[in-house]
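Structural features, examined
Each chain, written out:
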Amino acid sequence: MITEHKTKGSFAAPALKILPLAQSCIKQQGNLTFIEGYANTKNAPDRYGDVPTVYLAKRDYVYELSEFKKNPVLLIDHVNRIDHLAGSVTEIYEDQKGLYFKALFSASNHPTVAHARQIYTEGHAKGISIAGRFHYEDPANPEHLTLAEIFEISLVAVPADPNSLAGPSAEDETADEGKSKEEQIKKEIEALTRSLRKD
């Protein structure tokens, strides 16, 4: 007897999971702005009651990324238009915790893209959403999400998880503090030099 497993979504109409970014941060590297964190985590119920879980009877992973890697764009609100393309995913992989990604924001001045980049950089927005086809293949555990075929990843506005911090990373904050002190010392030296020249 073949047991049919439950599937949500299709390529034409992907299922969505809108979740808070886990262990996320924004990093500034020169003029570049990166966002990184977990788009989905495993082995615990998400807001939909699903538990992303490796189903060893079929495979040793949860996230299928082959379709996504063909065009690894970071969208805004799942809108498939150029004016809602926030940037590109530069790194994505599954580990023991879940689906980690790192994306580079576009430096575009288009209002939609610039606004998204700004509110994530400031820490106001902390939402992420994966879209794709989701499979529930374990008949003994129907709530287990055993395979997630990822088609695209989007920035979305959802209530922030208090454990999710989409602000500057600690190292960036330390660097900014050091930079501020350095600039203050430089200004004091310049003021002192001007004062000595007048004398």
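Below: a short report on this structure. (Residues numbered from 1 in each chain as written. Predicted model: local features only at pLDDT ≥ 70, side-chain atom pairs only at ≥ 80, totals over all residues. Heavy atoms only, no water.)

For strand β9 (residues 98-105), a buried count of seven out of eight residues is recorded, marking the element as mostly surrounded by other parts of the structure. Bridging between strand β4 (residues 32-41) and β9 involves seven bridges; their strand directions are antiparallel. Across the sheet, residue tyrosine 38 finds its bridge partner in β9, namely tyrosine 100. Bridge count for strand β8 (residues 85-94) against β9 is seven bridges, and the pairing is antiparallel. Opposite glutamate 91, over in β9, you have lysine 102 as the bridge partner. Here β8 folds back onto β9 in antiparallel fashion, the turn holding three residues. (Buried < 20%, exposed > 50% of the residue type's maximum accessible area, 1.4 Å probe, protein only. Helix = DSSP H or I, 4+ residues; strand = E, 2+ residues; numbered from the N terminus. Pairing = 2+ DSSP bridges.)

Residues Ile35, Phe101, Ile150 and Leu155 are the most contacted members of the largest nonpolar core, which totals 31 residues. Listing elements by their share of this core, those giving two or more residues are β4, β7 (73-76), β8, β9, α2 (111-121), β10 (127-136) and β12 (147-156). If we skip the residues at most four places from it in the chain, phenylalanine 101 touches Leu21, Ile35, Glu36, Gly37, Tyr38, Ala39, Val89, Glu91, Ile92 and Ile128. (Core = buried A, V, L, I, M, F, W, Y, C linked by side-chain atoms within 4.5 Å. Contact = heavy atoms within 4.5 Å.)

Moving on to unusual backbone geometry. Of note in this structure, glutamine 23 is not a glycine but carries a positive phi near 45°. The topology assignment puts glutamine 23 in strand β3 (residues 22-29). Positive phi outside glycine occurs at aspartate 77, with the angle close to 55°. Structurally, the position occupied by aspartate 77 is in the loop between β7 and β8.

Once that is clear, we can look at the pattern of salt bridges. Across all of its chains, the model carries nine salt bridges by this definition. Residue glutamate 67 is joined to lysine 70 by a salt bridge in which the shortest nitrogen-to-oxygen separation is 3.0 Å. Of this pair, glutamate 67 and lysine 70 are both found in helix α1 (residues 66-70), three residues apart, which corresponds to roughly one turn of the helix. Glutamate 67 sits in the partly exposed class, given a relative accessible area of 32%. (Salt bridge = Lys/Arg side-chain N within 4 Å of Asp/Glu carboxyl O.)

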